[in-house]
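Breakdown of the fold
Spelled out, the chains give:
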Amino acid sequence: MERRSSVRWWWAAYLVWAAASTHVALCVDRSVPEPYMDEIFHVPQTQNYCDGQWSHWDPALTTPPGLYLIPAALAHLRRQLPLLKSFTPDPCSLAALRATNLVLSFSLPFLYSSLLALLLRSRPGASPRRPTYAWEGLVIAGMPMLGWWAWMFYTDLASVVAVLLSWRFALQRRYLPSALLGAISLLFRQTNIVWVAFVAAQALIDRLRLFDNKKGDFSSDPLLRDARPADLVTVPLKLLSLALQDLPALTPVLASYVPVFAAAIAFVRWNGGHIVLGDKSNHVPTVHVAQVWYFLAFAAFFFSPHLLGVSQVKQSISGSLQTPSRIVGSILALGLILYSIHNYTVAHPFLLADNRHYAFYLWRRIINLHPYARYALAPGYFVAGRLLWIQLARAGRMTVSTLILLLGATCAVLIPSPLLEPRYFLTSLLILRLYLSPSPSISSSSSSSSTYTHRLRRRLLLEAVLYLAVQAVCVWLFLERPFKWEFEIGADGKGLQGRDERELGRWQRFMW
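Summarised in this report is the structure supplied together with it. What you are looking at is a predicted structure, and each value in this text was computed from that prediction instead of being measured.

Considerations on helix 6 (residues 108-121)
Over its 14 residues, helix 6 extends 20 Å from the first C-alpha to the last, a length consistent with the 20 Å expected when each residue adds 1.5 Å. Every buried residue of helix 6 is listed here: Leu 108, Pro 109, Leu 111, Tyr 112, Ser 113, Ser 114, Leu 115, Leu 116, Ala 117, Leu 118, Leu 119 and Leu 120.

Below, the structure is given as structure tokens:
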């Protein structure tokens, strides 16, 4: 009876969340009836496809046309079936294009919940069932940085969903559909090949675990809480050795994913050695190590309800100063952060010129407030990393190999990008958040299990309040605080001061 009541409450909360998101979408459509910011590129390109102009391509677009194909297919189907045309709206209108992402966002709570359940079941010794993961999935769906794109016609939400679905199938050991969804994810964002590699590598390690001679715990890849610093070096070597010994066992995984990597390599060769499609001059790869520290800061802020327990903060501070070797290690880590900030911080012209993005204000009022401000943030980055490490270890979901893969994938996506753009953090943030969720042990007593559930519910409530507060401020700023740019047009008809001439006289709005 109690479980049935909980399910009813969950569905009520889900419907309220979906209705609120739909209401915001309608407000955005009313207040911003024309394409806004990057929509000025995405929307006309989609509408050209809807009209059957498949050879048209806007050279300002940098990502493939995956998102555009869905409404274009619906438009062509509507033309073929006149009956549909009489009672369905134009799928290529701006409101309908934005609604594509809104509808997609309604699947997020179910996707996150299923991933939490799969990750929970994949850990030896974990409780096979946890009643809170449905609620947790709903809370994570409210994360402002991804939820925002449910109301705009951007590629980010579809890109993340495709990657997470690919990961979900891999966790179920269904490698072929996982690889297919990984390939589809490349149609939204080329850098998703990094996440396909993450998923494929995890699938290979899981396959090794299945065929390892030792049953139960996979000793070659310990959980973080059981790991030693040396395991960061020894675990990859052990796994490589096992892989070379059990190559036939890895065939199903390799056969599924290798064609995806081959297609990605073929694309880069066809594109003249470049990853981006258009506007290559503004998207030149660089070495921007500071991106990793920005990512840690964002992760620590949004996941603070799970990180800022008294014991965690104490452990973060005392653990760094407990022994002489740890003190030396902490000093070296801080030195590395300071060195990378000094030598590998990049200020892209878009970041400096576009005051519509929150990143503009983060840079101007925090990171670059004073010539030494960026260096003063280094201890904060260090503590953020320590807090994340402590919670990942306590959660009992992440192994050493997963940490290495997640760090590697995050660095591979972020460091080459010269632009501080929080949207690029999305996939890393969501995967990290799913691993931060704690797992109760099968052997836990009923009293400790009750304490665990109460603590988790309190943290989820705080997380939900944080997400709602941030999102409410973002929506209010977007809808209620528009402004206009004043700039001149050059003799060539192009906007000066780095402005797009199409934005002259139009209302500008704050957003991610």
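What follows continues from the structure just given.
Focus on the nonpolar core
Counting 125 residues, the largest nonpolar core has Trp 148, Trp 167, Tyr 257, Phe 303 and Trp 512 as its most contacted members. Leaving out residues up to four positions away in the same chain, Tyr 257 has contacts with Ala 170, Tyr 175, Ser 178, Ala 179, Val 196, Val 199, Ala 200 and Ala 203. Counting residues in hydrophobic clusters, the runner-up holds 17 residues, among them Tyr 68, Ala 72, Phe 153 and Ala 158.

So, the pattern of salt bridges
A side chain of one charge can pair with a side chain of the opposite charge if their charged atoms are brought near each other. Using the criterion set out here, one finds 14 salt bridges in the structure. Between Glu 34 and Arg 506 there is a salt bridge; the shortest N-O distance is 3.6 Å. Remark: Arg 506 occurs in the loop between strand 1 (483-484) and strand 2 (507-508) and Glu 34 occurs in the loop between helix 1 (2-31) and helix 2 (39-50); sequence separation between them is 472 residues. Within the structure, one salt-bridge network assembled from shared partners comprises Asp 38, Asp 156, Arg 189, Glu 421 and Arg 423.

Section: the state of the cysteines
Taken as a whole and assessed by the stated rule, the structure comprises one disulfide. With a sulfur-sulfur separation of 1.8 Å, Cys 50 is cross-linked through a disulfide to Cys 92. With the S-S dihedral at roughly -80°, the linkage between Cys 50 and Cys 92 falls on the left-handed side. Of this pair, Cys 50 sits in helix 2 while Cys 92 sits in the loop between helix 4 (82-87) and helix 5 (94-105), and the two are 42 residues apart along the sequence. Classification of Cys 50 as buried rests on a relative accessible area of 3%. The class for Cys 92 is buried, based on a relative accessible area of 5%. Among the cysteines around Cys 27, which has no disulfide bond, Cys 474 carries the closest sulfur, lying 15 Å off.

Conventions adopted
- Residues numbered from 1 in each chain as written.
- Predicted model: local features only at pLDDT ≥ 70, side-chain atom pairs only at ≥ 80, totals over all residues.
- Heavy atoms only, no water.
- Helix = DSSP H or I, 4+ residues; strand = E, 2+ residues; numbered from the N terminus.
- Expected span 1.5 Å × (residues − 1).
- Buried < 20%, exposed > 50% of the residue type's maximum accessible area, 1.4 Å probe, protein only.
- Core = buried A, V, L, I, M, F, W, Y, C linked by side-chain atoms within 4.5 Å.
- Contact = heavy atoms within 4.5 Å.
- Salt bridge = Lys/Arg side-chain N within 4 Å of Asp/Glu carboxyl O.
- Disulfide = S-S within 2.5 Å.

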